[in-house]
2 protein chains.
Amino acid sequence: MHSSEQIPHPVIRRLPKYLVHVQELREEGVEWASSQEIADALGLTSSTVRQDLSHMELRGISKKGYETSQLEAVLRQVLGADIMHHVVIIGAGHLGRALAEHGAFARRGFEICGLFDRDEDLIGKMYGNAEVMSIDDLATQVGKVKIDIGIIAVPSSAAQQVAEMLVDAGVKAILNLAYKHIQVPSHVTVVDARIMESLQELAYALGKKKEVSRG
Amino acid sequence: MHSSEQIPHPVIRRLPKYLVHVQELREEGVEWASSQEIADALGLTSSTVRQDLSHMELRGISKKGYETSQLEAVLRQVLGADIMHHVVIIGAGHLGRALAEHGAFARRGFEICGLFDRDEDLIGKMYGNAEVMSIDDLATQVGKVKIDIGIIAVPSSAAQQVAEMLVDAGVKAILNLAYKHIQVPSHVTVVDARIMESLQELAYALGKKKEVSRG
DNA sequence: ATGGTATTGATAATTTTTTGACAAAACCTT
DNA sequence: AAGGTTTTGTCAAAAAATTATCAATACCAT
Ligand SMILES: NC(=O)c1ccc[n+]([C@@H]2O[C@H](COP(=O)([O-])OP(=O)(O)OC[C@H]3O[C@@H](n4cnc5c(N)ncnc54)[C@H](O)[C@@H]3O)[C@@H](O)[C@H]2O)c1
Ligand SMILES: NC(=O)c1ccc[n+]([C@@H]2O[C@H](COP(=O)([O-])OP(=O)(O)OC[C@H]3O[C@@H](n4cnc5c(N)ncnc54)[C@H](O)[C@@H]3O)[C@@H](O)[C@H]2O)c1
């Protein structure tokens, strides 16, 4: 219930799902949502939903549930959607450009402040609101405006090196899109967002299904 | 130890990390890896590594560890990297195009067999090896070659509708990149790979750090 | 206003996951 | 060839996460 307590990791990973859902509900004009409704919509149990929301600064009301406006507000606050985070993307390849041109980030509190590459031919080009800068200028650029999050969108072979550059520049949170585990000091948080891993998870599920259907 | 047993979900999510690591080791010419070495490299405990690998069809050897070639082989097999999966991408926008042009998927057993969009202007364009086709032709195209996996790369507002088209076309596994929970029948597996959620996870970690440093 | 009822918040039970511990295995050195 | 040592595989313990349960709450219909 207190914001200073540590929220368990599995809960943190579900919070964005609650936020998406409650935003949809509000768009539909729904003002109250019970734990059961939320659970059904997201494939959870109502008990899990209530446990999870007990970590938020919010109380539900008997017979009505949780007020959607209030729920959205606390979720946005916990997930940092209310304050603007400054983000740099390293790697202006296919994926880096797609991210830079993706408008939805700014609406959720993530402003792309820089896009860096080592390829001279790319430098100066604009993608979204970001101009490609030389990777050699990373340190000086990051010095100008405090950068919260670095996104690694370079080939796996360069991922560790880029991670170290980000750490040296003082970045405390890294989103790693490369298919490679990166080592960082313990004061830096890394989250991997690997599409390949998700595909492999699906491939495992498909393999299991085939086995089961064979008997 | 038997391939027919159900491997726990947390284990499945770690397997791709082991695969990445063991492939790197092999490239370096390393032939044996102990659970401790693997644990150190990936930020786990050696106990967890041994537990996880006990689900694979493989045995380590005292004083040497696991043979990297064998480990890679069983991981590839479990994660479906040995057989080719047929994949379609729905949505030829920034993200869909980046995926279509991403060469690494084919090397891991995922062949992009189709790229679909509803925008007439995009139809016929080539991205990677895939030509953009009309979403209206999804059913007939999927009929021609058995599609294993569908990737949703359309705006959130269209995600549910696209999911239903994929299900109707007989697709059994869906990778959802849209920031929206989709509902599918229970025989279909969905994995969400949402970059936004990963960023929000980082934002939470940053918020916590700030709190702690304030005392 | 009152009573029936749906839904919360809290606690307890259960299940799952992670970690610890150690005998057995088999390597390597001498 | 034997002994010391490292590392596995397994089992047990601990920790964490999920689910079930239920008294308390406060809504809503009458
Ligand atoms: N494209 C996808 O759909 C996709 C999906 C999942 C993961 N990924 C991963 O994301 C990463 C980028 O993928 P991509 O498709 O954009 O690759 P890409 O080859 O299109 O782009 C990589 C970019 O990084 C730049 N680069 C290389 N080394 C650098 C360095 N040391 N410093 C700065 N810039 C450097 C290159 O010049 C290039 O512009 C890869 O690790 C890839 O595996 C990509
Ligand atoms: N671009 C990113 O970096 C990024 C990152 C994370 C998540 N996403 C998510 O991925 C999805 C796609 O993002 P994007 O940046 O590629 O968007 P985009 O607007 O560039 O592309 C979306 C494409 O989908 C097509 N489309 C829309 N409705 C369709 C339908 N019913 N059937 C077929 N095609 C349809 C559009 O014509 C368009 O070409 C979004 O849900 C977005 O939130 C994108």
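Just above, that's the structure.
Everything in this summary refers to the structure shown in the same document. For clarity, every value in this text was computed on a predicted model and none was experimentally measured.

## Some details on the sheet that holds strand β9 (residues 189-192) of chain A
All names here are of chain A. As summarised here, the arrangement of the 7 strands in space is β5-β6-β4-β3-β7-β8-β9, forming an open sheet in which the pairing is mixed. Every other strand in the sheet has two partners, leaving β5 (126-127) and β9 as the edge strands with one partner each. The strands touched by helix α8 (residues 156-168) within the sheet are β3 (85-90), β7 (149-152) and β8 (173-176), with β7 carrying the most contacts at an inclination of about 165°.

## Brief notes about helix α2 (residues 35-42) of chain A
Residue and element names in this part refer to chain A. Regarding α2, the residues found buried are S35, I38, A39, A41 and L42. All buried residues of α2 project into a common sector of 165° when viewed along the axis, lining one side. Check the buried side of α2 and you find it contacts α1 (9-27), β1 (32-33), α3 (46-53), β2 (66-67) and α4 (68-78).

## Structural notes on the sheet that holds strand β6 (residues 130-134) of chain B
Residues and elements named next belong to chain B. The sheet built from 7 strands is open, its strands ordered β5-β6-β4-β3-β7-β8-β9 with mixed pairing. Two strands lie at the open edges of the sheet, namely β5 (126-127) and β9 (189-192), each paired on one side alone. Pairing of β5 with β6, which is carried by 2 bridges, proceeds in the antiparallel orientation. When the sheet's bridge partners are listed, Y127 is paired in β6 with A130. Together, β3 (85-90), β7 (149-152) and β8 (173-176) form the strand contacts of helix α8 (residues 156-168), whose direction differs from that of β7 by roughly 165°.

## Here's the deal with the site of ligand 2
The environment of ligand 2 is formed by 21 residues, the closest being L99(A), H94(B), L95(B), D117(B) and V154(B). Nearby residues around ligand 2 are contributed by chains A and B. Between a nitrogen atom of ligand 2 and a main-chain N or O atom of A98(A), the distance comes to 3.3 Å. Bound to the protein, ligand 2 loses 86% of the 820 Å² it would expose on its own. Of all the secondary-structure elements, those providing two or more residues to the shell around ligand 2 are α5 (94-100) of chain A together with α5 (94-100) and α8 of chain B. Among the residues forming the shell around ligand 2, the class breakdown is 13 nonpolar, 5 polar and 3 charged.

## Quick word on a negative patch on the surface
All names here are of chain A. Residues D119, E120, D121, D136 and D137 make up a contiguous surface patch of negative charge. In this structure, D137 sits in the loop between β6 (130-134) and α7 (138-144). Residue classification places D137 among the partly exposed residues on the basis of a relative accessible area of 36%.

## Quick word on the protein's contact with DNA strand D
Within the structure, DNA strand D sits among 24 residues, and Q51(A), S62(A), S35(B), G60(B) and Y66(B) are positioned closest to it. For DNA strand D, the backbone portion of the atoms within 4 Å of the protein, that is sugar and phosphate, comes to 60%. Within the side chain of Q51(B), a nitrogen or oxygen atom sits 3.2 Å from a base nitrogen of DNA strand D. In this structure, K63(B) approaches DNA strand D through a main-chain N or O atom, which is 2.9 Å from a sugar or linking oxygen. Breaking the surface near DNA strand D down by element, the ones donating at least two residues are α1 and α3 of chain A together with α3 (46-53) of chain B. Examining the composition of the surface near DNA strand D, we find that 4 residues originate from one element, α3(A), more than from any other. Class assignment of the residues belonging to the surface near DNA strand D gives a composition of 5 nonpolar, 11 polar and 8 charged.

What counts as what
For every chain, the first residue of its written sequence is number 1, and the numbers climb from 1 along that sequence. Labels follow written order: the first chain is A, the first ligand is 1, and so on. Per-residue local features are limited, in this predicted model, to residues with pLDDT of at least 70; the limit for side-chain atom pairs, both in listing and counting, is 80 or more; totals at the level of whole chains, interfaces and linings are taken over all residues. The side-chain figures draw on all heavy atoms in the structure; neither hydrogens nor water molecules are used. A pair of strands counts as paired when DSSP detects no fewer than two bridges linking them. In DSSP terms, a helix is any run of H or I states spanning at least four residues, a strand is any run of E spanning at least two, and both are numbered starting from the N terminus. Should any heavy atoms of two residues lie within 4.5 Å, those residues are considered in contact. Simply put, an axis is a line fit to the C-alpha atoms, just over the touching stretch for a helix, and the angle between two N-to-C directions goes from 0 to 180 degrees. Exposure categories follow from relative accessible area, calculated using a 1.4 Å probe and restricted to protein chains: below 20% of the type maximum is buried, above 50% is exposed, and the middle band is partly exposed. Within this analysis, the arc is defined by the directions that extend from the helix axis to the C-beta atoms. Whether a residue is near a molecule or strand depends on its heavy atoms: if one lies within 4 Å, it is near. Under this definition, polar contacts are N or O atom pairs within 3.5 Å; protein pairs additionally need one hydrogen-donor-capable and one acceptor-capable atom, and for neighbouring residues in sequence, both atoms have to be side-chain atoms. Using a 1.4 Å probe, accessible areas were evaluated by the Shrake-Rupley method; residue-level cover was limited to the displayed protein chains. Ten residue types, Ala, Val, Leu, Ile, Met, Phe, Trp, Tyr, Cys and Pro, are classed as nonpolar, four, Asp, Glu, Lys and Arg, as charged, and the remainder, Gly among them, as polar. Patch building starts from residues that exceed 30% relative accessible area and form no salt bridge, then joins like charges within 9 Å and nonpolar side chains (Val, Leu, Ile, Met, Phe, Trp, Tyr) within 5 Å. Salt bridge, as used here: a side-chain nitrogen of Lys or Arg that lies within 4 Å of a carboxyl oxygen of Asp or Glu. A positive count includes Lys and Arg, and a negative count includes Asp and Glu. His and the chain ends are not counted in either. Positions of charges follow a simple convention, taking NZ of Lys, CZ of Arg, CG of Asp or CD of Glu.

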